[in-house]
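Below are the chains, spelled out letter by letter.
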Amino acid sequence: VSIPSNIAEGYKRKNNGEYVHFLSIAEGSAAEVETQLLIIKEVYPDIDIEGALVMTEEVQKMLFSLSSKIKTKS
C-alpha cells in the first residue's frame, strides 16, 4: 500500500523534484517489502516466496527507471 500511495502523492505534487523524492520513498518501501519477504523465507522455509521476490525486484526496477527518466527531464 505504501509504494503506490507514495507514487500517487508525488505525482499529484506537480513538481518533478517532489515527485522524485516520493519515488525515492516508494523505493525504500519496496526494499522494506523485500526484507520482510526474506525474513518470511527464514522463519517459514516451507512458504514459497520466490514469485513475490521476483515481483518486488521488478517493482524496484520500474521505480528506478521512472525516477531516472523524470530526473533527466528536469
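Remember, predicted model here, so these are calculated numbers, not experimental data. Per chain, the residues get numbers from 1 upward, laid out in the order the sequence is written. Only residues with pLDDT of 70 or above have their local features reported here, since the model is predicted, and side-chain atom pairs are shown and tallied only from 80 upward, although totals for entire chains, interfaces and linings are computed over all residues. The side-chain values count all of the structure's non-hydrogen atoms but skip hydrogen atoms and water molecules.

1. A word on the overall build of the protein
Numbering of helices and strands runs from the N terminus, with a helix taken as a DSSP run of H or I at least four residues long and a strand as a DSSP run of E at least two residues long. Looking only at helices and strands, one finds three helices and zero strands in the protein. Order of helices (α) and strands (β) in the protein, N terminus to C terminus: α-α-α. Its C-alpha atoms give the protein principal-axis dimensions of about 45 × 20 × 10 Å. Pairs at least 24 apart in sequence give 52% of the contacts found in the protein among residues at least 6 apart. Methods summary: accessible areas were calculated by the Shrake-Rupley approach with a probe of 1.4 Å, and residue burial reflects only the protein chains presented. About 5,300 Å² of surface is accessible on the protein, with carbon and sulfur atoms providing 60% of the total. Only four residue types enter the charge count, namely Lys and Arg as positive and Asp and Glu as negative; His and the chain termini do not. Charge placement uses NZ in Lys and CZ in Arg. For Asp and Glu, CG and CD serve respectively. Placing the 8 positive and 11 negative side-chain charges of the protein at their respective mean positions leaves the two points 15 Å apart. We call two residues in contact whenever any of their non-hydrogen atoms come within 4.5 Å of each other.

2. A few points about the pattern of salt bridges
Here, a salt bridge means any side-chain nitrogen of Lys or Arg that lies within 4 Å of a carboxyl oxygen of Asp or Glu. Enumeration according to the criterion identifies four salt bridges in this entry. Across the pair K41 and E50 runs a salt bridge whose closest N-O atoms are separated by 3.0 Å. The partner of E57 in a salt bridge is K61, with the nearest N and O atoms 3.4 Å apart. A residue pair is termed a helical-turn pair when its members lie 3 or 4 positions apart in one helix, as E57 and K61 do in helix α3 (residues 50-73) at four residues. Under the scheme applied here, a residue whose accessible area is under 20% of the maximum for its type counts as buried, over 50% as exposed, and between as partly exposed, the area being computed with a 1.4 Å probe on protein chains only. Judged by relative accessible area, which is 41%, E57 ranks as partly exposed. Since its relative accessible area comes to 47%, K61 is described here as partly exposed.

3. As for the packing of helix α1 (residues 2-12) against helix α2 (residues 16-43)
A fitted line through C-alpha atoms represents every axis, and for helices the fit uses only the stretch in contact; the resulting angles, taken between N-to-C directions, go from 0 to 180 degrees. Viewed as axis vectors pointing N to C, α1 and α2 meet at an angle of 175°, and their least axial separation amounts to 8 Å. The angle between α1 and α2 places the two elements in the roughly antiparallel class. On the side of α1, the interface is formed by S2, I3, N6, I7, E9, G10 and Y11, while α2 contributes E18, Y19, F22, L23, I25, A26, S29, A30 and V33. The classification used treats Ala, Val, Leu, Ile, Met, Phe, Trp, Tyr, Cys and Pro as nonpolar, Asp, Glu, Lys and Arg as charged, and all other residues, Gly among them, as polar. Grouping the constituent residues of the contact of α1 with α2 by class yields 10 nonpolar, four polar and two charged. Reported orientations rely on four angle classes, namely roughly parallel under 35 degrees, roughly antiparallel over 145, roughly perpendicular from 65 to 115, and oblique for the rest.

Shape descriptors only; they carry no functional weight alone.
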